[in-house]
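# Coordinate analysis (summary)
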Amino acid sequence: MGFTSNCIHVAILVLSLALVSRARVLDPVDHSSTPEFVRIQGSQFVLRRSTFLFNGFNAYWMMTVASDPSKRHQVTEVFRDASAAGMSVCRTWAFADGSSNALQLSPGTYDERVFQGLDFVVSEARRFNIFLILSFVNNYKDYGGRPQYVQWARNAGVQVNNDDDFYTHPVVKGYYRNHVQRVITRINTITRVAYKDEPTIMAWELMNEPRCEADYSGRTVNGWVQEMASFVKSIDNKHLLEIGMEGFYGDTMPEKKQFNPGYQVGTDFISNHLIKEIDFATIHAYPDIWLAKQNEEAQNAFMGRWMESHSTDAQTILKKPLVIAEFGKSSKDPGFTSSARDLYMGAVYSSIYKSARNGGTLGGGLVWQVLAQGMQPYGDGYEIVLADNPTTAAVISRQSHAMAALSHQV
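Residues numbered from 1 in each chain as written. Predicted model: local features only at pLDDT ≥ 70, side-chain atom pairs only at ≥ 80, totals over all residues. Heavy atoms only, no water.

Let us now look at the packing of aromatic side chains. Across all of its chains, the model carries 32 aromatic pairs by this definition. A ring pair is formed by Phe 52 and Phe 131, whose centres lie 5.5 Å apart and whose planes are at 65°; its orientation type is edge-to-face. Taken together, the residues span a long stretch of sequence, with Phe 52 in the loop between β3 (50–51) and β4 (54–58) and Phe 131 in strand β8 (residues 131–135) at a distance of 79 residues. Phe 52 gets classed as buried once you look at its relative accessible area, which sits at 4%. By relative accessible area, which is 0% here, Phe 131 ends up buried. Their ring planes at 85° and their centres at 5.8 Å tell us that Phe 327 and Tyr 349 sit as a pair that is edge-to-face. With Phe 327 in strand β12 (residues 322–327) and Tyr 349 in helix α11 (residues 338–357), the pair connects residues that are 22 residues apart, well separated along the chain. (Phe/Tyr/Trp six-rings, centres within 6.5 Å; stacked < 30°, edge-to-face > 60°. Helix = DSSP H or I, 4+ residues; strand = E, 2+ residues; numbered from the N terminus. Buried < 20%, exposed > 50% of the residue type's maximum accessible area, 1.4 Å probe, protein only.)

Time to look at the packing of helix α10 (residues 296–318) against α11. The interhelical angle for the contact between α10 and α11, taken along N-to-C directions, is 20°, at an axis separation of 12 Å. Relative to α11, α10 is oriented roughly parallel. At the point where α10 passes α11, the crossing takes the right-handed sense. Counted together, Asn 300, Met 303, Met 307 and Ser 311 of α10 and Tyr 344, Val 348, Ser 351, Ile 352 and Ser 355 of α11 form the full contact between these two elements. For the contact of α10 with α11, the per-class residue count stands at five nonpolar, four polar and no charged. (Axes fitted to C-alpha atoms, helices over the stretch in contact; angles between N-to-C directions. Parallel < 35°, antiparallel > 145°, perpendicular 65-115°, else oblique. Left-handed = near helix turned anticlockwise from the far one by under 90°. Contact = heavy atoms within 4.5 Å. Nonpolar A, V, L, I, M, F, W, Y, C, P; charged D, E, K, R; others polar.)

One way to put it is that α11 packs onto helix α12 (residues 390–406) with a least axis distance of 10 Å and a crossing angle of 0°. Considering their axes alone, α11 and α12 lie roughly parallel with respect to each other. Where α11 abuts α12, its residues Arg 341, Asp 342, Met 345, Gly 346, Tyr 349, Ile 352, Tyr 353, Ala 356 and Arg 357 lie against Thr 391, Thr 392, Val 395, Ile 396, Gln 399, Ala 402, Met 403 and Leu 406. A class-by-class count of the residues in the contact of α11 with α12 yields ten nonpolar, four polar and three charged.

Strand-to-strand pairing in sheets goes through backbone hydrogen bonds, with the strands running parallel or antiparallel. Read across the open sheet, the eight strands follow the order β10-β9-β8-β5-β4-β13-β12-β11; overall the sheet is parallel. Across the chains shown, the open sheet's two edge strands, defined by having one partner strand only, are β10 (240–242) and β11 (281–285). Taking each pair of neighbouring strands and ignoring which way they run, the sheet shows an average axis angle of 25°. Relative to strand β13 (residues 362–367), β12 runs parallel, the two sharing four bridges. Each bridged residue has a counterpart across the sheet, and for Phe 327 the counterpart in β13 is Val 367. Sheet strands touched by α11: β4, β12 and β13. Its angle to β13, the strand with the most contacts, is close to 160°. (Pairing = 2+ DSSP bridges.)

The next subject is the pattern of salt bridges. Evaluated as defined, the whole model comprises 19 salt bridges. We note a salt bridge from Lys 233 to Asp 279, for which the minimum N-O separation is 2.7 Å. Taken together, the positions of Lys 233 in helix α7 (residues 219–235) and Asp 279 in the loop between α8 (269–274) and β11 put the pair 46 residues apart, joining distant regions of the chain. A residue is classified by how much of its surface remains accessible, and Asp 279, at 16% relative accessible area, is buried. With its nearest N and O atoms 3.0 Å apart, the salt bridge here joins Lys 276 to Glu 277. Residue Glu 277 is classed as buried on the basis of its relative accessible area of 12%. Ionic contacts of the salt-bridge type, sharing partners, join the residues Arg 91, Glu 205 and Glu 326 into one network. (Salt bridge = Lys/Arg side-chain N within 4 Å of Asp/Glu carboxyl O.)

Interpretation in functional terms is not warranted from these geometric data alone.
Set out below in structure tokens:
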């Protein structure tokens, strides 16, 4: 699974040959006729008594854009183009806290216009046969996040020390639980289906990339995950649940820290994901950021080790499915070309495909990020406009159909 130079340059060819060798290529999943929830059986995702192996994408911006009815066509365009490329899972935000165009204006106070934007996202995903992973809060100040929750408590006269009090202070935890309940029990104004009863939603995510500077061991985050995972399952046991973790190792198995990019962030991939209410594990991968001072060869080698170690741990220790929930290649990277991105994505896809083909726990990957045309303000260097990047769209499409072809009855 290593990312040697040779591996990168043959990855797309390997994936293409794998497709050709399949006698029967299945179409991406259609869940429009008799809606069913994605479930877990053993260490595999399952849908309608078959393994569910997928290819997907991130589009964090969808609710914000859809809150303006004049821009909803951009959400529709991305779902349409993603569906045409065979992608069947989209990860997006179900939060915008106290910021401009906020969903949650203050604790427990919501902008119905923005909530209806999220309603539209869910209904469009349903229309295009794409499952959603919805995240409840951000770790960072973008879209409010953990800092906003702590600031709300401070504004209310609560004694809080820093943003890490998010994980431990009862008032702040109460704000979070109230938001979770509000989202899960929301009745969609378009479909008239409560979110907790909506099969289009594949999974909830506790937080985008939790981190904790006050406790690098991972124990503080672990306590919070246990509490909030139990809370989510108490009001919705139909949907899958994941944490939103990047994959950094902590103190549970010190020998695993060698796979970190030189530091810890206050999470523990092993202990955090062993919590029984957490249904599957995730990792994110940004070697170009985490190892910015190293060359591309070193970054690719890290990527190979990162994927391989977590895939092995998911299979042998966690015994749960694993999703590469964020990865990509930035146009801001030195020497970037679209063909270099295609090769890199092809190498990641090839590793995912080989793991799935060999019965591993890797269920799929979600590239960061897909935009519609005319959305330059949302660009961060990693954006892909499928209509404008036909070679990248072809790499994505090949992976989508290769993963679907591996699905089998269980």
